[in-house]
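Residues per chain, in single letters:
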Amino acid sequence: MLDNKKFKKQVDIVILLLMFWAVMCTAMFFYYAVIAKNKYIKLGNKLARRELSYYPERSKILDKNGIVLAWSEKYYDLYYNNLTDSPGQAKLIYKRVKKLLPETREPGLETVHSIMFRALQPKQILALEKLIYLFPELQITPRNERKVVSYPGIKSQIGQVRFISGRLVGINGFEKLYNKVLNGTPGKYRIMLDRNKNWIKNSGQSIRMAVPGKDVQLELTLEEICKRRQQ
């Protein structure tokens, strides 16, 4: 009889513990599913989402008569990203790319991001499509380059630009004076990342459209700008 009473007591204790555990689980579930739901959704989105900026092409500078003095040209370069630190993988990719682009450079493993080919032509980009799909190490990156009319004394007046935080920024001359007008307003979009921090395809969402810059027409002619330099 004593054994039965002892056994019943132990069973009651186990049942109480299970009930306590069930109540705790229910409370925790209610807390995370209802009370703290918005907090953890925001935290999860913060970890999975990335907001990226993109910039419109820098606009032109023209003289009083509408002659283009400075403009931007877009180029596409082929890069190798050292994801595996494997010499064998780098050589394999180099051989495959070299068949399509004989003048390509062999990637080095001393840097994470190394240039393989500059200024790809449209036909070359199409030819690389299959390799880029097969090898995530390969990446085609756009590059904007600022051009100035080839005329004595103009370049120093127009000024120089520098690539800063993803965009061309005027550092002196007319490029600096009208920098905000020429650059416009950057756009912003949001992407989703998987658990490996890879971009989930078709997850992009526009937050703000970029506003293109405006062409700047100076109140001076080409000849007047040159004379201005000589003074």
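Look a little higher up for the structure.
Residues numbered from 1 in each chain as written. Predicted model: local features only at pLDDT ≥ 70, side-chain atom pairs only at ≥ 80, totals over all residues. Heavy atoms only, no water.

## Examining the overall build of the protein
When helices and strands are tallied, the protein shows 9 helices and 10 strands. When each of the 231 residues of the protein is scored for burial, the buried share is 28%. When the accessible surface of the protein is totalled, it reaches about 16700 Å², and 58% of it is carbon and sulfur. (Helix = DSSP H or I, 4+ residues; strand = E, 2+ residues; numbered from the N terminus. Buried < 20%, exposed > 50% of the residue type's maximum accessible area, 1.4 Å probe, protein only. Areas by Shrake-Rupley, 256 points an atom, 1.4 Å probe, with all protein chains shown as cover.)

## Some thoughts on the pattern of salt bridges
Scanning the model with the defined rule gives 7 salt bridges in all. A salt bridge links Arg-143 to Asp-77; the shortest N-O distance between them is 2.6 Å. Residue Arg-143 is located in strand β5 (residues 138–148), and its partner Asp-77 is located in strand β3 (residues 68–81); the two are separated by 66 residues in the primary sequence. One salt bridge connects Glu-145 with Lys-147, and the closest N-O pair in it is separated by 2.9 Å. Given a relative accessible area of 24%, Lys-147 falls into the partly exposed group. The network of salt bridges with shared partners includes Asp-77, Arg-118, Arg-143, Glu-145 and Lys-147. (Salt bridge = Lys/Arg side-chain N within 4 Å of Asp/Glu carboxyl O.)

## A closer look at the pairing of strand β7 (residues 167–170)
The alternating pattern of β7 places Arg-167 and Val-169 and Leu-168 and Gly-170 on opposite faces, both of which are buried. Here 4 bridges tie strand β6 (residues 161–164) to β7, and the two strands are oriented antiparallel to one another. In the strand pairing of β7, Arg-162 is matched with Val-169. Counting the residues between successive antiparallel strands, the hairpin from β6 to β7 contains 2 residues, one of them, Ser-165, with a positive phi of roughly 50 degrees. (Pairing = 2+ DSSP bridges.)

## Topic: helix α3 (residues 87–100)
Since the α-helix advances by 3.6 residues per turn, residues separated by three or four positions end up pointing in the same direction. The end-to-end C-alpha separation of α3 is 21 Å, in line with the 20 Å expected for 14 residues at 1.5 Å each. Every buried residue of α3 is accounted for by Ala-90, Ile-93, Tyr-94 and Val-97. The buried residues of α3 occupy an angular sector of 105 degrees when the element is viewed end-on, so they sit on one face. Opposite the packed face of α3, turned more than 90 degrees from it, sit the exposed residues Lys-95 and Lys-99. The elements touched by buried residues of α3 are β3, β4 (113–117), α5 (129–134) and β5. (Expected span 1.5 Å × (residues − 1). Arc of directions from axis to C-beta. Contact = heavy atoms within 4.5 Å.)

## Some details on unusual backbone geometry
With phi around 55 degrees, Asp-85 is a residue other than glycine that occupies positive phi space. Its place among the elements puts Asp-85 in the loop between β3 and α3. By relative accessible area, which is 53% here, Asp-85 ends up exposed. Phi is positive for Ala-119, which is not a glycine, with a value near 55 degrees. For Ala-119, the position within the fold is in the loop between β4 and α4 (122–127). Since its relative accessible area comes to 25%, Ala-119 is described here as partly exposed.

## A few points about the side chain of Ser-114
Tracing the backbone through its elements, the reader meets Ser-114 in strand β4. Residue classification places Ser-114 among the buried positions, given a relative accessible area of 11%. The contact partners of Ser-114, leaving out residues within four places of it in the chain, are Leu-78, Tyr-79, Tyr-80, Pro-107 and Gly-108.

## So, a nonpolar patch on the surface
A contiguous nonpolar surface patch, about 310 Å² in accessible area, is contributed by Ile-15, Leu-16 and Met-19. Topologically, Met-19 is positioned in helix α1 (residues 2–35). (Patch = residues over 30% accessible without salt bridge, like charges linked within 9 Å, V, L, I, M, F, W, Y side chains within 5 Å.)

## Topic: the environment of Pro-136
Locating Pro-136 in the fold gives a position in the loop between α5 and β5. A relative accessible area of 58% means that Pro-136 is categorised as exposed. Between the C-alpha atom of Pro-136 and that of Tyr-80, which follows or precedes it by 56 residues, the distance is 9.0 Å.

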